[in-house]
Amino acid sequence: MVESITNECVPDVLAVIDEMNVSSESNLIAVLQDMQEHFGYLPPAALQEISSRIHIPLARIYGVVTFYAQFHTEPRGRHTIRCCRGTACHVEGAGRVLRTIEKELGISDGETTPDGLFSLETLGCIGICFLAPAMMIDDQYFGNLTTQRVGSILRTYGARSCLHE
Amino acid sequence: MSNKDVKLTIDSVEVTAPQGTTVFQAARSAGIDIPHLCYEPELDLSPTAACRLCVVEVEGAAAPPASCACPVVEGMVVRTDSEALREIRQTVIELLLSDHPHDCATCDEFGQCKLEHYAYALGIREKCEAADPVAVRCEPDAPMMGYDRSKCILCGRCVAVCQNMQEVGAVDFQGRGFGTEIGIPPGVSREDSECEMCGNCIAVCPTGAVAGRRTVGIRGAAKVRTTCCYCGVGCQLDLNVRDGRVVGVTTTSDNPVNGKWLCVKGRFGYEFIDHPDRLTTPLIRRNGQLEPATWDEALGYVASRLTEIKAANGPDAIGLISSSRCTNEENYLVGKLARAAIGTNNVDQCARTCHAPTVAGLAISFGSGAMTNSIGEIPDADVLFVIGSNTTEAHPIVGLKIKQAVRNGATLIVADPRKIWLTNIANIHLPIHPGTDLALINGMAHVILSEGLANAEFIKSRTEGFEEFAKIVEQWPPERAAEVCGVPAEDIRRAAREYARADRGAIFYTLGITEHTCGTYNVMGLANLTLLTGHVGKESSGVNPLRGQNNVQGACDMGALPDVLPGYQKVAVEENRRKFEDAWNVTLSNTPGMTITDMLEAAYDENLKALYIMGEDPVMSEAHAGFVREALGRLDLLVVQEIFLNETAKIADVVLPASCFAEKDGTFTNTERRVQRIRKAVEAPGEAREDWKILVDLMNRLGYPADYSSPAEIWSEFASLSPIFAGINYSRIEKVGLQWPCPSLDHPGTKFLHSGRFTRGLGKFSVVEHSSPSEVTDNDYPLVLSTGRTLYHYNVGTMTRRVHGLDKKSPENYVEINPRDLEKLGGQDGRMLRVTTRRGSIVARAVATRKIRPGMVWMPMHFAESSANELTVDAYDNITRTAEFKVAAARVEVAW
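Numbering of residues begins from 1 in every chain and follows the order in which that chain's sequence is written. Each chain is given a letter, starting from A, and each ligand a number, starting from 1, according to the order in which they appear as written. The predicted origin of the model limits local features to residues at a pLDDT of at least 70 and limits the giving and counting of side-chain atom pairs to 80 or more, whereas totals for whole chains, interfaces and linings rest on all residues. For the side-chain quantities, the full set of heavy atoms in the structure was used; hydrogens and water were omitted.

Notes on the overall build of chain A
For clarity, the cut-off: Strands are runs of DSSP state E lasting at least 2 residues, helices are runs of H or I lasting at least 4, and numbering of each runs from the N terminus. For every residue, the accessible area obtained with a 1.4 Å probe (protein chains only) is divided by the maximum for its type, and the residue is called buried under 20%, exposed over 50%, and partly exposed between those limits. Each accessible area is a Shrake-Rupley result for a 1.4 Å probe, and residues are judged covered by the shown protein chains and nothing else.
Summing up its helical and strand segments, chain A has seven helices and four strands in all. Walking chain A from its N terminus toward its C terminus, one meets helices and strands in the order α-α-α-α-β-α-α-β-β-β-α. Expressed as a percentage of its 165 residues, the buried residues of chain A come to 45%. Working note: accessible area of chain A is about 8,700 Å², and carbon and sulfur atoms make up 49% of it.

Following this line, the structure appears as structure tokens:
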């Protein structure tokens, strides 16, 4: 799903922009969302191309990209783990859950595993406080987490634990 | 905009302000300063109203509005200061200080920082502990300027200047919340980013968050107001001097030329001043080597050799090249040295290389060869026709004014073979083939005439020669012009209609017009367009040659030209000569002298024996460098008065170390005819001397007594002999320069020329027709080579290439080529290409770009080790003998 960005991708970028018929700054966010949908993240070359095609300074585009949490400028893992750090989860031990994920996968918040399988994020509240502590993997919810459960859930997604290496 | 005025009360003062202005502006015009941080009154931009410091109380309003964004309303009652407002402002400043480092004691901005100023004014002593100070984090190794997040209050002025005024958009807010910062795109170094390093963000930063790299230690530096030494715009700036060294450049808004704004060269191009390569002692060639000598030896040698050569070959065997880089006073002295002390009219300067066709062409059409309007009038023009001028790079501050005019709604027409920056905002771009300007101009004239868009009243009352002109123009329907120029006929029609229908139509051009074999005719063609439409002799309407050097206008004014005495008084006219003979106490030669081009040819033919060059590098700057080197090599005596050992000085017999603009007093005259002061800020290095003192010494050694105590005295002598300058003296231009003509001490100077009457009486239509460039492409040389200037370097590069940051941004020569042509050659972007013409061959890095159309290549002229003028053609304008730098036939191959 994730293409590595090379010059060959540029015609794709152009095609996407052409298709959207972008002519002004007003639908920049929609263009960026489409781009990210297409490439899995926002490759610098794509942003550069958008900038020159629709005459928005690159710095301004990065301003938008870095403002919204939904945009990523690094390649993303196949699965996105969203670890909840809302109040209820915090009280119920979200810190332990996050530390376990980090240890299991060998990455920190905001990073992607070298094998491209997982990206890890934290967020405020995912709305299932009654199941705290909780996390999401892609669009699947997991609640009442314990350190053991976290490990086994990750392994069902193909994770090889970093803990014993 | 409405002209209706609104009456309101601000702090119990009755204020009248035009409808549409803001409370802030109305207060400011009444001399009431409202505290503000994010709003920058110097900008013509809409306010962001982000800082909330400029809040005011408005009677009847629910909450205090931000005055920068609050329009005036009839009968409004405003208070700008009260206990409640002070509380709001205190909170704003306290919050800003809460994550601001408390290192004011060592901050370079101390004393100028607006945050500190308001904290003091509002009596804030306690720090609000709402957040941790942001860590000090500067851009590492930023070449000229850098950003320190810790000092930044996120007011967004820099972003506004960069995006909306400079229209570059190199920086913007990045991230969100506490992590927000102002930044260039992540992962890009500043020199690789779009940042042009104009530093105009530094000029508006209220704290010290954006700063120049070398300006550390600027605090307490003495400020010396002077005029920029680069292009002809004549920006005013303050050299910051500490311990005898220039450590920075700052600006203030109190001048009519550039206000606070500068370009990268003006703001950062000062490092050459104390560069170790500066010449510090006279040099004499002994046994083939340039060796140090005393001033007495060097000037004694020059004087005795000149005397010998004059005795043996007559005074006309000696030539002098004066300098558009030096002051008016020094140019006056070179003319006097040539005419009075030596006895020849062989004096010229590098206007020959650039705008001599302007001086000649506009003199024929109007009677006066200078920019008709002022820089300050540009934003009010409603149609701008820019032809053969890459304004944003060669004259960046004029470029800013053009951008401002377009923001104000003006129509911009650009005729240029390349997609220069201005084409981004142009309504019409005419990418004509190099050297086809006159076909375009006559094609436009045809449209204007045939569609009845000409100004019949103006033609009748203010011009002559219309019938002959109309006959020629009739033969240039847009279809024919289109075929010659390689642009659609419809675009020529549109351009002509837009220009003709303008209220205030202004033409801007530079060397894309003049540096052709038909350069003078091109200029006259543009003058024809203004006569045809009546777009001349009034505000914001005219024909505006943008002069290239800081003082090329002045060097011409001073008579450093072979055919005119100071003040454009023809040397062939006896009455003029008599005036100067009386003043100078000599008999003057009545034959016009040689141009630079003539001098080089005469040197080659060994008719010219000696050449004295002040501040000029013909080996680099003249076309066909190989010929120039050979010609100079045949001289008996070559003297070069310089600040660096440039390419010409390297082959000189005597080199005299001179002073740069920061080391002497005097005046420069900018492109809008404004005579402005330069002031001595630091001492010249080593034994280097002020140029005017060297010239005075030499005149005395040649047996012509000269005694001046200061440049002001030289100016007075000049002004007393030159009627159009008679009203200008140093005390009148102490703060703001005056624009000539200024015939008397009570004359305010002339903003625009030819109001009501042309200098020559009637404006003269000229019959001028397109002719092909001297060299056309063929099988051996299939590409058209054109040359020009760039933003980051100045002319022959001796100064800017010695500025670390400029050199880092633009380190080497390159050749712009269309990707299609490059592919055909089998070349690659970034690899080296060999460019060859009938005269020479050089290697430069390929830059593949669609800016340039297929069939053409373009090179800058700044790089001595790979000089474009090895290639350019020594074919000349038939009137002024300016070389055709803009067109040569070339062959390009992959080098490695």
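Some words on the overall build of chain B
What counts, and what does not: Note on method: radius of gyration uses C-alpha positions; expected globular size equals 2.2 Å times residues raised to 0.38.
Looking only at helices and strands, one finds 27 helices and 38 strands in chain B. A globule of 896 residues ought to have a C-alpha radius of gyration of about 29 Å, and chain B, at 28 Å, matches this closely. Projecting the C-alpha coordinates of chain B onto the three principal axes gives extents of approximately 90 × 70 × 65 Å. Buried residues in chain B amount to 64% of all 896 residues.

Overview of a positive patch on the surface
All names here are of chain A. To keep it simple, the criterion reads: Patch membership is restricted to residues that have no salt bridge and whose relative accessible area is over 30%. Joining uses 9 Å for like charges and 5 Å for the nonpolar side chains Val, Leu, Ile, Met, Phe, Trp and Tyr. Any carboxyl oxygen of Asp or Glu that lies within 4 Å of a side-chain nitrogen of Lys or Arg is treated as forming a salt bridge with it. Counting rule applied: Lys, Arg positive; Asp, Glu negative; His and chain ends not counted. Lys charges are placed at NZ, Arg charges at CZ, Asp charges at CG and Glu charges at CD.
On the surface, Arg85, Arg96, Arg99 and Lys103 cluster together to form a positively charged patch. Topologically, Lys103 is positioned in helix H6 (residues 94-105). Judged by its relative accessible area of 56%, Lys103 falls in the exposed class.

As for helix H9 (residues 356-365) of chain B
Residue and element names in this part refer to chain B. For clarity, the cut-off: The contact criterion used throughout is that any non-hydrogen atoms of two residues lie within 4.5 Å.
Judged by how many residues are buried, H9 sits mostly within the fold: eight of 10 residues are covered. Among the residues making up H9, those that are buried are Ala356, Pro357, Thr358, Val359, Ala360, Gly361, Leu362 and Ser365. In this structure, the buried residues of H9 make contact with strand S20 (505-509), helix H17 (511-514), helix H18 (519-533), strand S21 (542-545), helix H19 (552-557) and strand S30 (763-764). Note on H9: the residue one or two positions beyond its end, Gly367, has a positive phi of about 100°.

Focus: the sheet that holds strand S4 (residues 77-79) of chain B
Residues and elements named next belong to chain B. As a reminder of what qualifies: For two strands to count as paired, DSSP must find a minimum of two bridges between them.
Overall, mixed pairing links the four strands, which are arranged S2-S1-S4-S3 in an open sheet. Each edge of the open sheet carries a strand with a single partner, namely strand S2 (13-18) and strand S3 (57-58). Note that S3 and S4 share two bridges and pair antiparallel. Of the residues in S4, the one forming a bridge with Glu57 is Arg79.

Some words on the pattern of salt bridges
All names here are of chain B. For the structure shown, the criterion picks out 54 salt bridges over all chains. A salt bridge links Glu574 to Arg578, with the nearest nitrogen and oxygen atoms 2.5 Å apart. Here Glu574 pairs with Arg578, and both are found in helix H20 (residues 574-584), just four residues apart, close to one helical turn. We classify Glu574 as partly exposed; its relative accessible area is 46%. Among the residues examined, Arg578 registers a relative accessible area of 43% and is labelled partly exposed. Ionic pairing is found between Arg689 and Asp697, a salt bridge with its closest N-O pair at 2.9 Å.

Topic: the environment of Leu37(B)
Residues and elements named next belong to chain B. The topology assignment puts Leu37 in the loop between helix H1 (23-29) and S3. Residue classification places Leu37 among the buried positions, given a relative accessible area of 0%. Residues Leu37 and Thr207 lie 170 residues apart in sequence; the distance between their C-alpha atoms is 9.5 Å.

Section: the sheet that holds strand S2 (residues 118-123) of chain A
All names here are of chain A. What counts here: Here an angle of 0 to 180 degrees is reported between the N-to-C directions of two axes, which are lines fitted to C-alpha atoms, with helices fitted over the stretch in contact.
Strands sit in the order S2-S1-S3-S4 across an open sheet of four strands; the sheet is mixed. Only two strands of the sheet have a single partner each, and these edge strands are S2 and strand S4 (140-142). In this sheet, neighbouring strand axes are inclined to one another by 20° on average, regardless of whether the strands run parallel or antiparallel. Relative to the sheet, H6 contacts strand S1 (79-84), S2 and strand S3 (135-137), its axis offset from that of S1 by approximately 155°.

Digging into the nonpolar core
Residues and elements named next belong to chain B. In plain terms, the rule: In this text, buried Ala, Val, Leu, Ile, Met, Phe, Trp, Tyr and Cys residues form a nonpolar core when linked through side-chain atoms within 4.5 Å.
The biggest cluster of nonpolar side chains holds 118 residues, and the ones touching the most others in it are Phe272, Leu412 and Phe661. Take this core: its biggest share by element is eight residues, from helix H8 (residues 328-342). Beyond its immediate sequence surroundings of up to four residues, Phe661 is in contact with Thr226, Thr227, Cys229, Leu239, Phe272, Ile273, Phe668, Ile678 and Arg679. Judged by nonpolar contacts, the second largest core, of 52 residues, contains Val473, Val523, Phe758 and Val768.

Digging into unusual backbone geometry
Look at the link from Ala132(A) to Pro133(A): it is a cis peptide, with omega at -5°. Here Pro133(A) shows up in the loop between S2 and S3. Note that the residue after Trp740(B), namely Pro741(B), is joined by a cis bond; omega there is 0°. One can find Pro741(B) in the loop between strand S29 (738-739) and S30. A positive phi angle, near 65°, is found at Glu606(B), a position not held by glycine. Mapped onto the elements of the fold, Glu606(B) is located in the loop between helix H21 (596-604) and strand S24 (610-614). Look at Glu606(B) and you get partly exposed, because its relative accessible area is 42%. Unlike most non-glycine residues, Asn795(B) shows phi in positive territory, near 40°.

Comments concerning the packing of aromatic side chains
Residues and elements named next belong to chain B. So the rule is basically this: Two rings belonging to Phe, Tyr or Trp (six-membered ring only in the last case) form a pair when the distance between their centres is within 6.5 Å. Interplanar angles under 30 degrees mark stacking, angles over 60 mark edge-to-face geometry, and anything in between is tilted. Note on geometry: a ring has a charge over it if NZ (lysine) or CZ (arginine) is within 6 Å of the ring centre and within 35 degrees of the ring normal.
Evaluation of the coordinates by the stated rule reveals 22 aromatic pairs over all chains. When the ring of Phe458 is compared with that of Phe758, the centres are 6.4 Å apart and the planes differ by 85°; the resulting orientation is edge-to-face. Of this pair, Phe458 sits in helix H13 (residues 456-462) while Phe758 sits in the loop between S29 and S30, and the two are 300 residues apart along the sequence. Aromatic rings pair up to connect Tyr332, Tyr568, Phe580, Trp584, Trp715, Phe718, Phe725 and Trp740 into one cluster. Positioned above the aromatic ring of Trp476, the side-chain terminus of Arg480 is 3.6 Å from the ring centre. Lying over the aromatic face of Phe644, Arg802 brings its terminal NZ or CZ to 4.1 Å of the ring centre.

So, the interface of chain B and chain A
Rules: Accessible area that two parts lose when put together, with a 1.4 Å probe and added across both, is what the buried area reports. Polar contacts here mean pairs of N or O atoms no more than 3.5 Å apart (in protein, one a potential hydrogen donor and the other a potential acceptor; neighbouring residues in sequence count only if both atoms are side-chain atoms). The classification used treats Ala, Val, Leu, Ile, Met, Phe, Trp, Tyr, Cys and Pro as nonpolar, Asp, Glu, Lys and Arg as charged, and all other residues, Gly among them, as polar.
Contacts between the two partners involve 14 residues from chain B, matched on the other side by 10 residues from chain A. Where chain B abuts chain A, roughly 960 Å² becomes buried across the two surfaces, and 53% of that area is made up of carbon and sulfur atoms. Here chain B and chain A share one salt bridge between them. Where Asp172(B) meets Arg60(A), a salt bridge forms, and the shortest distance between an N and an O atom there is 3.5 Å. In this structure, the connection of chain B to chain A is made through six residue pairs in polar contact (both at pLDDT 80 or more). Examining the composition of the side of chain B that touches chain A, we find that three residues originate from one element, strand S6 (residues 172-174) of chain B, more than from any other. Taken together, the residues that form the side of chain B that touches chain A break down as six nonpolar, five polar and three charged.

Notes on the pairing of strand S16 (residues 383-387) of chain B
Residue and element names in this part refer to chain B. Of all five residues making up S16, five are buried, and the element is well covered by its neighbours. The side-chain alternation of S16 yields two buried faces, one formed by Val383, Phe385 and Ile387 and the other by Leu384 and Val386. Note that S16 and strand S17 (residues 411-415) share five bridges and pair parallel. Bridge pairing in S17 links Leu384 to Leu412. Note that S16 and S20 share five bridges and pair parallel. Looking across to S20, one finds that Val386 is bridged to Phe508.

Notes on helix H23 (residues 625-633) of chain B
All names here are of chain B. For the record, the criterion: Arc definition: it is the arc formed by the directions from the helix axis to the C-beta atoms.
Among all positions in H23, only Ala625, Phe627, Val628, Ala631 and Leu632 are buried. Seen end-on, H23 carries its buried residues on one side only, within an arc spanning 155°. Elements that come into contact with the buried residues of H23 comprise H21, S24, helix H22 (618-621), strand S25 (637-642) and strand S36 (873-876).

Re the state of the cysteines
Quick note on the threshold: By definition, disulfides here are pairs of cysteine sulfur atoms that lie within 2.5 Å.
Scanning all chains against the criterion turns up zero disulfides over all chains. Considering cysteine sulfurs only, Cys89(A) is the nearest to Cys84(A), which forms no disulfide, with 3.6 Å between them. Residue classification places Cys84(A) among the buried residues on the basis of a relative accessible area of 2%. Cys326(B) carries a free sulfur, and the closest cysteine sulfur to it, the one in Cys350(B), is 10 Å from it. Residue classification places Cys326(B) among the buried positions, given a relative accessible area of 5%.

Bear in mind that shape data such as this cannot, by itself, settle questions of function.
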